[in-house]
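Residue-level structure breakdown
Listed here are the chains, written in short residue letters.
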Amino acid sequence: MNMTVRDTGLTESKKKMVSGTYLRNAWYVAAWTDDLKDGQLLPRTFMHEPVVLYRKPDGSVAALEDRCPHRFAPLSMGKVIRDDVVQCPYHGLEFNSTGACVHNPHGTKNIPPRARVRSYPTIEKHKAIWIWMGDKPADPFKVPDFSVLDNVPEMHATKRDSITIKANYELIVDNLLDLSHTSYLHEGILGNADTVESDIMVDQEGEDIVVSRYATNVIAPGMFAQFWPSDPGRVDKFTRMRWMPPSTLSLLTGTCAIGAVPESGTGYHAIHMLTPETEKTTHYFFTAIRFNVKTPDDKLNAQLQEKIADMRRFAFQEQDAPVIEAQQRIIDNAVTPVDPVILAIDVGPVRYKRILQKLIEAEQPR
């Protein structure tokens, strides 16, 4: 095999693991609503593009390319000076929320035609600020359905949190759709030895992929055991993860009496919203909402609220992230093709990648 063929095979195998391409005409989470205060300029990078977010006088969110067209200084280092206008920190050029330069303080004050920056559509929904990175008109009806976050009793919702993982977002989706890893990587918190043997089902609903995992007659893992006012003994554990293109996921998980329908038990809706920062870094937004709460004591519920937030952050930041980031490094440094062995537990990740790739290819120029 000659060097060119071998290198091509290596590159193609890596692309199958992490494509390096994005579905751009879609909504991505830019920040939680509470992350952006009045008068604040919030810099973020999405799909390698620098963006600055800020609130206009009416409270709505503007998003601009975070790069002044004059000397390329970040607008996020400047300030909001009036109405919806941002002033560049370097030479004082001013830009409104459409991206147009509205004031040049120098010389004749002429504004060159190219003195403008890109403006991105945004929408606030389900406690989050969403951004549209594509070139097609933004469709507000395509925001993923996270209405479970709306109108929730404060005590039943955990902290709206986020971390950055140094890996491609597809590796994180793989992790979330692989429900079997909880029995090992999150043993004692989200899974245990009893939950290794579980029935796995994969369904496609439109463009969504739903992976379900049921373990019967098991000891409730640590986090779930706390949700019952008294020791439930052995239970059925259910986990149902929904992937919605391109990179948001909703999980229903909990425990119920043996043989009962899952909805009769208790647990939480877990929200996972991934936004690519670069090919090798991802903004990871997450929170959880308890359902069918069986603990009536407010003091206990406040403690559980904090525990759930802390445990989930620990699981993602200290358990998931190191493994996923190590996967990214191994793929980057591989000198022979990365052709993974496929197991029965991989049906969800395989199915979603096929759908995602078709959607990405469909928006490419022909």
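Residues numbered from 1 in each chain as written. Predicted model: local features only at pLDDT ≥ 70, side-chain atom pairs only at ≥ 80, totals over all residues. Heavy atoms only, no water.

Some remarks on the pattern of salt bridges
Selection rule: Salt bridge, as used here, is a side-chain nitrogen of Lys or Arg placed within 4 Å of a carboxyl oxygen of Asp or Glu. Where helices and strands are cited, they refer to DSSP runs of H or I of at least four residues and of E of at least two residues respectively, numbered from the N terminus. For each residue, the accessible area found with a 1.4 Å probe, counting protein chains only, is set against the maximum for its type, and the residue is called buried under 20%, exposed over 50%, and partly exposed in between.
One pass over the structure, following the stated rule, counts 13 salt bridges. As a salt-bridge pair, arginine 313 and aspartate 161 come within 2.7 Å of each other at their nearest N and O atoms. Of this pair, arginine 313 sits in helix α4 (residues 298-333) while aspartate 161 sits in strand β12 (residues 161-165), placing them 152 residues apart in sequence. We classify arginine 313 as partly exposed; its relative accessible area is 25%. Residues arginine 242 and glutamate 205 are paired through a salt bridge, measuring 2.6 Å at the closest nitrogen-oxygen approach. Taken together, the residues arginine 242 in strand β15 (residues 234-244) and glutamate 205 in strand β13 (residues 199-205) connect sequence positions 37 residues apart.

Re the nonpolar core
As a rule of thumb, soluble globular proteins bury nonpolar side chains together. Selection rule: Remark: nonpolar core denotes a set of buried residues (Ala, Val, Leu, Ile, Met, Phe, Trp, Tyr, Cys) joined through side-chain atoms within 4.5 Å. Two residues qualify as a contact provided that any one of their heavy atoms is within 4.5 Å of a heavy atom in the partner residue.
One finds Leu53, Ile131, Trp243 and Tyr284 to be the most contacted residues of the largest nonpolar core, which totals 62 residues. For this core, the element with the highest residue contribution is α4, accounting for seven residues. For tryptophan 243, the residues in contact, after removing those within four places along its chain, are Val173, Leu177, Glu207, Asp208, Ile209, Thr248, Leu249, Tyr352, Ile355 and Leu356.

Looking at the environment of aspartate 236
Quick note on the threshold: N or O atoms within 3.5 Å of each other form a polar contact, as long as, within protein, one can give a hydrogen and the other can take it, and as long as residues adjacent in sequence are counted only when both atoms are side-chain atoms.
Tracing the sequence through the fold places aspartate 236 in strand β15. Residue aspartate 236 is classed as buried on the basis of its relative accessible area of 10%. Between the C-alpha atom of aspartate 236 and that of proline 262, which follows or precedes it by 26 residues, the distance is 8.2 Å. Excluding its chain neighbours within four sequence positions, the residues that come into contact with aspartate 236 are Ala215, Thr216, Asn217, Gly254, Thr255, Cys256, Ala257, Ile258, Gly259 and Ala260. There is a polar contact of 2.9 Å between the side chain of aspartate 236 and the backbone nitrogen of asparagine 217.

Section: the sheet that holds strand β2 (residues 42-46)
Rules: Two strands pair under a simple rule: DSSP has to find at least two bridges between them.
Taken in spatial order, the four strands of this open sheet run β2-β3-β4-β9, and their pairing is antiparallel. Strands at the two margins of the open sheet, each flanked by one partner only, are β2 and β9 (119-120). Note: β2 against strand β3 (residues 49-55), five bridges, orientation antiparallel. From the neighbouring strand, arginine 44 faces β3, where its bridge partner is valine 51.

Some points on unusual backbone geometry
Following proline 245, the chain continues to proline 246 via a peptide bond in cis, the omega torsion being 0 degrees. Along the chain, the position of proline 246 falls in the loop between β15 and β16 (248-256). With a phi angle near 55 degrees, methionine 47 is a residue other than glycine that sits in the positive phi range. Non-glycine residue asparagine 217 carries a positive phi angle of around 55 degrees. In this structure, asparagine 217 sits in strand β14 (residues 208-219).

Description of the packing of helix α2 (residues 169-177) against α4
Going by this rule: The axes used here are C-alpha line fits, helices contributing only the stretch in contact, and every angle between their N-to-C directions lies in the interval 0 to 180 degrees. Note that the term roughly parallel is reserved for angles under 35 degrees, roughly antiparallel for angles over 145, roughly perpendicular for angles of 65 to 115, and oblique for everything else. Crossings are classed by handedness, with left-handed meaning an anticlockwise turn of the near helix from the far one by less than a right angle and right-handed meaning a clockwise turn. Amino acids outside the nonpolar list (Ala, Val, Leu, Ile, Met, Phe, Trp, Tyr, Cys, Pro) and the charged list (Asp, Glu, Lys, Arg) are all regarded as polar, and Gly is one of them.
Across the interface, α2 lies against α4 with an axial gap of 10 Å and an inter-helix angle of 130 degrees. Considering the angle they form, α2 stands oblique to α4. The two elements α2 and α4 meet at a crossing, and its hand is right-handed. Counted together, Leu171, Ile172 and Asn175 of α2 and Asp320, Ile324, Gln327, Gln328 and Ile331 of α4 form the full contact between these two elements. Residues that form the contact of α2 with α4 fall into these classes: four nonpolar, three polar and one charged.

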